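Survey of secondary and tertiary structure
What follows is the residue order along each chain.
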Amino acid sequence: MEANVRDSMTGGLRLGIMGGTFDPIHYGHLVAAETARIELELDNVLFIPAGNPPHKIDRIITDANLRFEMVEMSIRSNNNFKVSRMEIERTGPTYTIDTLRILKKTFSDQELYFITGTDALKEMLTWREPEEIIKLSKIVGVSRPGYDSRNVLSKIFKKYPFTKERIYQLEVPALAISSTDIRSRVFNQKSIRYLLPEEVRLFIKTNHLYQSK
Ligand code: ATP
Ligand code: MG
């Protein structure tokens, strides 16, 4: 669909939201965001590194400013990618619903598209106010190797039938890359080349990240 036709129908811009811990950011995140941007004709994608995520209290997370810096250097070459400090600057655990409410106020003329991998989509019903989340933003469920979305989606659709029109399934080039695997590779002195941007690899090295568990 032509962008101008689309705008006259929706009356506004489309903003993709890519939340994550990004500890560290890798090509899986970047390919997912770029594919969503192209396929759903998003005007921009906003990366929002988590401050202190409620779901990941089982391990020590890298300082938010360092995670932010790694995101920033990774997206610099893409004019349609932006990064926000909003979750980093909030104290205490941050919830997706709170972030979306703030974004909806800040970008009241933009349609929100929350981009999430199948693994995170699976958890969505356990998040705070899942129904409100799907009302505030459309959901783009991107494929991720090793996670099947069919069961997950049928569960969500059964519980909240209105979500059928608000959740998109998007097939993205399969990259079996995870931050967990990257951290463990660094810890075990294995190569992480070509799994993430070279600048990020060097940043990890310089800052001695992921050398202890
Ligand atoms: P960790 O292993 O620490 O959980 P991660 O690789 O899963 O890290 P997150 O920061 O947890 O990265 O993920 C942020 C978002 O990106 C989530 O929605 C996740 O599903 C998605 N995502 C991460 N890696 C991929 C990938 N390889 N392909 C598609 N989506 C991905
Ligand atoms: Mg994850």
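A brief structural summary.

Conventions and cut-offs
- Residues numbered from 1 in each chain as written.
- Chains lettered and ligands numbered in written order.
- Predicted model: local features only at pLDDT ≥ 70, side-chain atom pairs only at ≥ 80, totals over all residues.
- Heavy atoms only, no water.
- Buried < 20%, exposed > 50% of the residue type's maximum accessible area, 1.4 Å probe, protein only.
- Helix = DSSP H or I, 4+ residues; strand = E, 2+ residues; numbered from the N terminus.
- Arc of directions from axis to C-beta.
- Contact = heavy atoms within 4.5 Å.
- Near = heavy atom within 4 Å.
- Polar contact = N/O pair within 3.5 Å; in protein donor to acceptor, adjacent residues only side chain to side chain.
- Areas by Shrake-Rupley, 256 points an atom, 1.4 Å probe, with all protein chains shown as cover.
- Nonpolar A, V, L, I, M, F, W, Y, C, P; charged D, E, K, R; others polar.
- Pairing = 2+ DSSP bridges.
- Right-handed = clockwise from strand over helix to strand, strands pointing away.

This part covers helix α9 (residues 179-187). An α-helical turn contains 3.6 residues, so a residue and the one three or four places further along point in the same direction. Those residues of α9 that fall on the buried side of the exposure criterion are S179, I182, R183 and V186. Axial view of α9: buried residues confined to an arc of 100°, hence all on one face. Buried residues along α9 sit against α2 (27-39) and α10 (198-206). Within two residues after α9, Q189 carries a phi angle of roughly 55°, on the positive side.

We now examine the site of ligand 1. The environment of ligand 1 is formed by 22 residues, the closest being H29, D119, L175, S179 and T180. One of the side-chain nitrogen or oxygen atoms of D119 is found 2.5 Å away from an oxygen atom of ligand 1. The contact in question runs from a nitrogen atom of ligand 1 to an N or O atom on the backbone of I177, over 3.1 Å. Notes on ligand 1: free accessible area 600 Å², of which the protein chains cover 91%. Taken together, the elements giving at least two residues each to the shell around ligand 1 come down to β1 (14-20), α2, β4 (111-117), α6 (118-123) and α9. By residue class, the composition of the shell around ligand 1 is 6 nonpolar, 12 polar and 4 charged.

Before going further, it helps to spend a moment on the pairing of strand β5 (residues 138-142). Among the 5 residues in β5, 5 count as buried, and that is most of the element. By the alternation rule, side chains of β5 split into K138, V140 and V142 and I139 and G141, which are all buried. Summarising the sheet, β4 and β5 pair through 5 bridges and their orientation is parallel. Bridge pairing links F114 to I139 in β5. Handedness of the crossover is the feature at issue here: the chain leaves β5, passes through helix α8 (residues 150-159), returns alongside strand β6 (residues 167-170), and the resulting connection is right-handed.

This part takes up the side chain of E87. With respect to the helices, strands and loops of the structure, E87 is situated in helix α4 (residues 86-89). Among the polar contacts listed, one links the side chain of E87 to the side chain of T99, at a separation of 2.5 Å. Ignoring any residue separated from it by four or fewer positions in sequence, one finds E87 in contact with I48, P49, A50, G51, T94 and T99.

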